[in-house]
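# Structural description and commentary
Residues per chain are reported as follows:
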Amino acid sequence: MAVVDTTSPPIMTTADGTPLKVSLQRTNRRKKIQAFLLVSPLLLFIAVSFLLPIADMIFRAVENPQVVTIMPRTSEVLEDWDRQALPDEEAFAALVADLAEGRETREIGKVATRLNYEASGLRSLIMKSARRAERLEPPYKEALIDVDEDWAELDVWKLIQRESDPFTASYFLAAVDMRYNADGEIVDQPDYQQIYVKLFMRTLWISMVIMGATLLLGFPVAYLLATLPARISNLLMILVLLPFWTSLLVRTTSWIVMLQTQGVLNDLMVWLGLISDDSRLQMIYNQTGTIVAMTHILLPFMILPLYSVMKGISPSYVRAARSLGANQLTAFVKVYLPLTVPGIGAGCILVFILAIGYYITPALVGGQSGQLISNSIAYHMQESLNWGLAASIGAILLFAVLALYLIYNKIVGVDNMKFG
Amino acid sequence: MALPSYATPLERTWYYGFRVFCGLVFIFLITPILVIIPLSFNAEPYFTFTEAMLGFDPDGYSLRWYEDFFTSDQWLFSIKNSFIVAIASTFLATALGTVAALGLSRPEMPFRSTIMGLLISPMIVPLIISAAGMYFFYARMNLTQTFTGVVLAHTALGTPFVIITVTATMVGFDRNLIRAAQSLGADFTTTFFKVIMPLIAPGVISGALFAFITSFDEVVVVIFLAGAEQRTIPIQMWSGIREEISPTILAVATMLVIISVLLLVSLELIRRRNERLRGIAAT
């Protein structure tokens, strides 16, 4: 019977006696850490200067600090209120104390504005009561109802109780044209206030039209550029790259110059006799303006990915199809077109992502009917100052873009993104 | 794809029709950019060709809008600001982005695609959302209406371009060169500046140009973050177009087109040089 050697083969070691495997692992770990250290400054920078702000915006869409911090007594008392009948004297006393203090610290306006988003008219109710709060005498219940009989309304108290929650979904509801009713149920906004769903739909529709238009115009051009001899196609490529590199504002300005009623195109058509001088076409400050200008601005983003895909398709495929008896159309539809699908997909998603977030061009040439969803974000940030609503519309838009981006990443991959 | 001599009439029509269509698309692409150049020399405050201009009458043309630009304190102030912000943020974005790209292109980089996705995100997220987020957050840090705030924001927006161009250059990079340098006694800094940098310079320079133009043309974020002291050229143009559009804007636009042409030409030269070098390396 042969003796079986049960000991394992000798472990290979490095010069200082550590097993080779351990040593390799250690080196690999060190390399990983080194690579990560190189990336970490930028990662930290982007996290602080970009990712945190975005997270902060999403947080703002749900935070609801006004009532709970500025009217702490009222919110606490209302916590146990049963919502069946008007709250008792204790709640009224707390409210008067909060109103008086809020007026002193000049913070009460924030509560008034916040509550007014939920039910218009509350702003004046709060401000009026706050002005008088200091001079009110007990019993506060009668005194407050005497100031304004709205304080005898159950709904007002229900609202204050609901808004005492430090977090709210009401901005998100407002962004999809819904709201809480007095009983805290989610209902549709009244018809005349339904704007955002329509605006989202319009944004999607306009983006789709622009995507279609850029594909229609871009596909033949990309095909031409990919099949012409390099000398000519490089020259023609300049015509695509120059607009790509030109400032967005410059291109928008030039579309204003081209399209306005006293502009170049209208003048040209009058001169050609196509239209009369007093029936000049309104081509700008409406949806047409937005679509034309944005199609022009986004066209290079369609042509470039299509071109790079088409450049990689060997002409021998089509030649082979033709030699096997396919006519030009069949060869194109059955052989060439399927090969360009990755390019079509990449270009379409890229244009679509860029289009749904566009702000500058619609703001300048869109008029009323050409405004997109991002314009309403800007409006709520700069003019109505309803930052919560701006943040929640922004968050919805952001999630839409990220979803599209994930698809884009599946098709193309960030690593393969190229410019010019 | 020249037309063969045996082409049928239908094929001929299709062939020429296709080219005419492409020609029209090229006209659509380039006309808006070309049309503003002559109009910026208009002697009259109109946005269309006057009869004098069409008749090539020298009186129809003038440099008054350029004069307007160079004598306006507001425009000169904003062009100065634009350059300050763009140069500072290009410098930061290029430095941070290049170092990060070196790490990202190492094969042993952990969580590569996730981190890449995060670092690229400023380019993907719509500008209005970036602007809103930065406005809220920078306001908490008291960074709105400061140069620091604008430069930080533009750096964040510019780095994705640097990362993409530099990692693309690193694809063809021979890592043995680093090992060779290190085995000959070079430390990391020497290896970086003497070996890596000269080889990836084209990527770094084109990344820097992208970062520069991103900042120089950026309008959405500055509208929200900048105060009167940080007024840049795009803000000045934006308010000019919204309030009282004067042909001075066309003069500015023409100059900006010239800047983009210069950028395009330098990028093309870098690309050609790169290709030539690679061509030599391959043979």
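Since the model is a prediction, treat every value here as computed from it, not as a measurement. Residue indices begin from 1 for each chain and proceed along its sequence in written order. Lettering of chains starts at A and numbering of ligands starts at 1, both following the order in which they are written. Selection of residues for local features in this predicted model requires a pLDDT of at least 70, selection of side-chain atom pairs for listing and counting requires 80 or more, and totals for whole chains, interfaces and linings are taken over all residues. Excluding hydrogens and water, the side-chain figures rest on all heavy atoms present in the structure.

Empty space among the atoms becomes apparent when a probe as large as a water molecule is rolled across them. Residue and element names in this part refer to chain B. Whether a set of points on the 1 Å grid over the protein atoms alone is a cavity depends on a 1.4 Å probe fitting there but being unable to get out, while an open set qualifies as a pocket with protein on both sides within 12 Å along at least five of seven lines; lining residues are those with an atom within 4 Å of a point. Grid points are joined across faces, edges and corners, and a volume is the space filled by probe spheres set on the points. Enumeration over the complete set of coordinates arrives at one cavity of 30 Å³ or more. Looking at the largest cavity, the residues that line it are S82, V85, H154, S215, F216, E218, T232 and P234. Classification convention: Asp, Glu, Lys, Arg as charged; Ala, Val, Leu, Ile, Met, Phe, Trp, Tyr, Cys, Pro as nonpolar; all other residues, Gly among them, as polar. Of the residues belonging to the lining of the largest cavity, the class tally is three nonpolar, four polar and one charged.

On to the pattern of salt bridges. Between side chains of opposite charge, pairing is possible as soon as their charged atoms come close. Whenever a carboxyl oxygen of Asp or Glu lies within 4 Å of a side-chain nitrogen of Lys or Arg, that contact is scored as a salt bridge. Across all of its chains, the model carries 15 salt bridges over all chains by this definition. With a closest N to O distance of 2.9 Å, D267(A) and R280(A) form a salt bridge. You can see D267(A) sitting in helix α13 (residues 264–272) and its partner R280(A) sitting in the loop between α13 and α14 (287–311), a full 13 residues away along the chain. R280(A) matches D267(A) in its accessibility class, with the two residues each being buried. Two residues, R322(A) and E11(B), come together in a salt bridge whose shortest N-O distance is 4.0 Å. Remark: E11(B) occurs in helix α1 (residues 9–39) and R322(A) occurs in helix α15 (residues 315–323); the pair is interchain, linking two chains. Only protein chains enter the accessibility calculation, which uses a 1.4 Å probe; a residue whose area is less than 20% of its type maximum is buried, one above 50% is exposed, and one in between is partly exposed. Assessed through its relative accessible area of 33%, R322(A) is described here as partly exposed. Among the charged side chains, a salt-bridge network with shared partners connects R114(A), E118(A), R162(A) and E163(A). The helix and strand labels rest on DSSP assignments: H or I over at least four residues marks a helix, E over at least two residues marks a strand, and numbering proceeds from the N terminus.

With that settled, the discussion passes to the packing of helix α4 (residues 73–104) of chain B against helix α7 (residues 147–170) of chain B. Residue and element names in this part refer to chain B. The convention used is that axes are lines fitted to C-alpha atoms, helices contributing only their stretch in contact, and that angles between N-to-C directions extend from 0 to 180 degrees. Direction vectors running N to C along α4 and α7 enclose 40 degrees, while the axes themselves pass 6 Å from each other. What the angle tells us is that α4 and α7 run oblique. Seen from above, α4 lies across α7 with right-handed handedness. Split by residue class, the contact of α4 with α7 holds 16 nonpolar, 10 polar and no charged. The labels follow the angle: roughly parallel below 35 degrees, roughly antiparallel above 145, roughly perpendicular from 65 to 115, and oblique for the rest. We call a crossing left-handed when the near helix sits turned anticlockwise from the far one by less than a right angle, and right-handed when that turn is clockwise.

Interface extent is often summarised as the accessible area lost during association of the parts. If you check the domain split of chain B, you get domain 1 (9–60) and domain 2 (73–245). Its C-alpha centre places domain 1 of chain B at a distance of 36 Å from the equivalent point of domain 2 of chain B. As used throughout, domain bounds are those supplied by an automatic or database domain assignment.

Note on definitions: a residue-residue contact is assigned when non-hydrogen atoms from the two residues lie within 4.5 Å. Opposite the 85 residues of chain B that make contact, chain A presents 86 residues. Of the roughly 8,000 Å² buried where chain B meets chain A, counting both sides, 82% is carbon and sulfur surface. Three residues, F26(B), L29(B) and F136(B), lead the burial of chain B against chain A; their summed loss comes to 9% of the area buried on that side. The interface formed by chain B and chain A holds three salt bridges in total. Polar contact is the term for a pair of N or O atoms within 3.5 Å; when the atoms are in protein, one must be able to donate a hydrogen and the other to accept it, and sequence-neighboring residues count only if both atoms are side-chain atoms. Counting across the interface, chain B meets chain A through five residue pairs in polar contact (both at pLDDT 80 or more). For the side of chain B that touches chain A, the element with the highest residue contribution is α1(B), accounting for 16 residues. Buried area: the sum, over both parts, of the accessible surface (1.4 Å probe) that disappears when the two are put together.

It is generally the case that most residues other than glycine have a negative phi and that most peptide bonds are trans. With an omega dihedral of 0 degrees, the bond running from P138(A) to P139(A) counts as a cis peptide bond. Not every positive phi belongs to a glycine, and R83(A) is a case in point at roughly 65 degrees. Tracing the sequence through the fold places R83(A) in the loop between α3 (72–78) and α4 (89–104). Residue R83(A) is classed as partly exposed on the basis of its relative accessible area of 26%. Phi at N142(B) is positive, roughly 60 degrees, even though this residue is not glycine.

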